[in-house]
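Here are the chains, one letter per residue:
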Amino acid sequence: DKAPLSKSLLLVPSAISILLTLLFQHYQKFFAYNLQAVKEDFQIWRLVCGRTICLDLKDTFCSSLLIYNFRIFERRYGSRKFSSFLLGTWMLSALFDLLLVEITQYIFGITINSLPSGFLGPVFALFVPFYSSIPRVQVTQVLGHFSITNKSLVYILGLQLLTSGSYIWILALSGLISGICYNSSILKVHRILCVPRWVAKIFSWTLEPVFSSAEPTNEVRVGMGATVDIQRQQRMELLDRQIMMSQVAQMRRQRQQQGGMINWNRLFPPLRHRHNANYQDHHPSEQGIPPPTEVSEEQVARLMEMGFSRGDALEALRASNNDLNVATNFLLQH
C-alpha cells in the first residue's frame, strides 16, 4: 500500500529475469553488463539494459527482498522523491562503476570486462538512508553478546547479495558512494538529478493505477480493545514496551562490562500516562502524573508534511520521547 513504484520494481524486473532464465536464454546476451562493449564499441544501450535486469536468479531474489524492505522510503518520501533518488543513484553509480574498474586495473592490474547485471547500484545506495534514518530497536541477543535488531535481516540480505558474485563489490561500493553523494547537503545532487514534476504526473496517471494497491482493511488489531481509541493506546503502549526492553538490554550489557550498578531512574524514563475511558475508577493521583513531554513544533510540521494529522503526530512524538525517526516509523506501520 502507498508504494506503487516499489511494487513495479518487484514485479516487472523479476518477471523478465525469470523469463530470460527459463525460456529466452538466447536473449540474455542483450542484458549483459559488458563494459568492454561500452568502451570499445560505444554500445551505450548496455548501460541501460545491463543495469536493469538481473541475469542471476539469486541476485533477483535478494534484490527483490531488499526492495520490499526499502518500500518504507517511498511511503515516507513519496513516489516522486523516491524515484528521483533511484534515478540519481542509478546514473551516479554507472559513472562510479567505470571509475572503479579503471582504478582497479591501474592499481592491481586486473582487467574487468563485465560486471553482474541488474538494478544493483540503487539497491545498495538505499542502505545509506536505511542506516542513517531508520531507528534501531533491539529484538534479542545471541550468546549474550551479539544483538539482533529490527535491521539485522536487511543487512544479512545485503551481505548475501554482496557475496553472490566475484566483482559485485564494485557495484556495492559505487552504489554506497552514489547514495552518500545524493544524500549530501553540500553537493546538492538531489536538486540536479531529479524526476521533473510533469513526468511524475504522467506516470501517476498511467502506471500508478496499474501497480497501486488498495488500503488493507483486514489489519490485525493489537490486543482486545473494544474501541478504536483503546486499540490505538495499546499500540502506543506496545511501542513503549519495545523501547523499554531495548534500554533494559543495553543497560545490562553496560553493567556486565563495567561491573557497576544500574541507574534505574535512567533506565525507566517517564512514559506517557494515558486516561482510559473504560477504567475511570483507577485514576492516578495528580502528584504521580509527570508533566507532558515538550513536543517540537518543527517536528510536528515535518510529520504533517508527510500526510499525518496533527493529533497523530503529537501522540507519536510524545510516545517516542520526541524522536522523529521512531515516531515516523511507528506512524507508517500503524
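Being a predicted model, the structure only gives us computed values, none of them experimental.

Calculation rules
Counting of residues starts from 1 at the beginning of each chain's written sequence and follows it residue by residue. Residue-level local features of this predicted model are given only where pLDDT is at least 70; pairs of side-chain atoms are given and counted only at 80 or more, and the full residue set underlies all totals for whole chains, interfaces and linings. Only hydrogens and water are set aside; all other atoms, that is, all heavy atoms of the structure, feed into the side-chain values. Helix numbers and strand numbers start at the N terminus; a helix is a DSSP run of H or I with at least 4 residues, a strand a run of E with at least 2. For a helix, the expected span equals 1.5 Å multiplied by the number of residues minus one. Burial classification: accessible surface area is computed with a 1.4 Å probe over protein chains only, and a residue below 20% of its type maximum counts as buried, one above 50% as exposed, and the rest as partly exposed. Contacts were defined at the residue level, with two residues in contact if any of their heavy atoms lie within 4.5 Å. Within 6.5 Å between ring centres, the rings of Phe, Tyr and Trp (the latter by its six-membered ring) count as paired, and their orientation is classed by plane angle as stacked under 30 degrees, edge-to-face over 60, tilted in between. Definition used: whenever NZ (Lys) or CZ (Arg) falls within 6 Å of the ring centre and also within 35 degrees of the ring normal, the charge is taken to sit over that ring. Definition of a polar contact: a pair of N or O atoms within 3.5 Å, with one able to donate and the other able to accept a hydrogen when the atoms are protein atoms, and with sequence-neighbouring residues admitted only if both atoms are side-chain atoms. Here, patches come from residues exposed beyond 30% relative accessible area and free of salt bridges, joined within 9 Å for like charges and within 5 Å for nonpolar side chains (Val, Leu, Ile, Met, Phe, Trp, Tyr). Only the protein chains shown count as cover for residues, with accessible areas throughout obtained via the Shrake-Rupley method and a probe of 1.4 Å. Only one rule defines a salt bridge in this text: a Lys or Arg side-chain nitrogen within 4 Å of an Asp or Glu carboxyl oxygen. UniProt positions are given in the numbering used here, feature names are shortened, and annotations may be inferred rather than shown by experiment.

What about helix H1 (residues 4–22)?
With 19 residues, H1 ought to run about 27 Å at 1.5 Å a step, and its terminal C-alpha atoms sit 27 Å apart, in line with that. Those residues of H1 not exposed but buried are Pro4, Ser6, Ser8, Leu9, Pro13, Ser14, Ser17, Leu20 and Thr21. Buried residues belonging to H1 abut helix H4 (57–69), helix H5 (71–77), helix H6 (79–108) and helix H13 (208–211).

Thoughts on the packing of aromatic side chains
Under the definition given, this model contains 11 aromatic pairs. Seen in terms of ring centroids, Phe73 and Tyr77 are 5.9 Å apart; in terms of plane orientation they differ by 25°. Their pairing is stacked. With Phe73 and Tyr77 both in helix H5, this residue pair falls 4 residues apart, about one helical turn. By relative accessible area, which is 1% here, Phe73 ends up buried. Here Tyr77 falls in the partly exposed class, since its relative accessible area comes to 34%. Taken together, the ring pairs in this structure connect Phe70, Phe73, Tyr77, Phe124, Phe127, Phe130 and Tyr155 into an aromatic cluster. Above the ring of Tyr68, the side-chain terminus of Arg71 is found at 4.0 Å from the ring centroid. Here Lys151 stacks its cationic end above the ring of Phe130, 5.0 Å away from the centre of that ring.

Re the side chain of Ser14
Assignment of secondary structure puts Ser14 in helix H1. The class for Ser14 is buried, based on a relative accessible area of 13%. A distance of 3.0 Å separates polar atoms of two side chains, one belonging to Ser14 and the other to Ser64. Leaving out residues up to four positions away in the same chain, Ser14 has contacts with Thr60 and Ser64.

Thoughts on a nonpolar patch on the surface
A contiguous nonpolar surface patch, about 860 Å² in accessible area, is contributed by Ile18, Leu19, Leu22, Leu23, Phe24, Tyr27, Phe30, Trp45 and Leu57. No other element matches the 3 residues that H1 contributes to the nonpolar patch. Examined against the element boundaries, Phe30 turns out to sit in the loop between H1 and strand S1 (33–34). Under the relative-accessibility criterion, Phe30 is labelled partly exposed at 38%.

Structural notes on the UniProt feature "transmembrane region" (unreviewed entry) in the chain
As recorded in UniProt, the feature "transmembrane region" (unreviewed entry) lies at residues 6–24, 85–108, 114–132 and 153–177. Across residues 6–24, the secondary structure splits into 89% helix and 0% strand, with the terminal C-alpha atoms separated by 25 Å. Summarising residues 114–132: 63% helix, 11% strand, and an end-to-end C-alpha distance of 32 Å.

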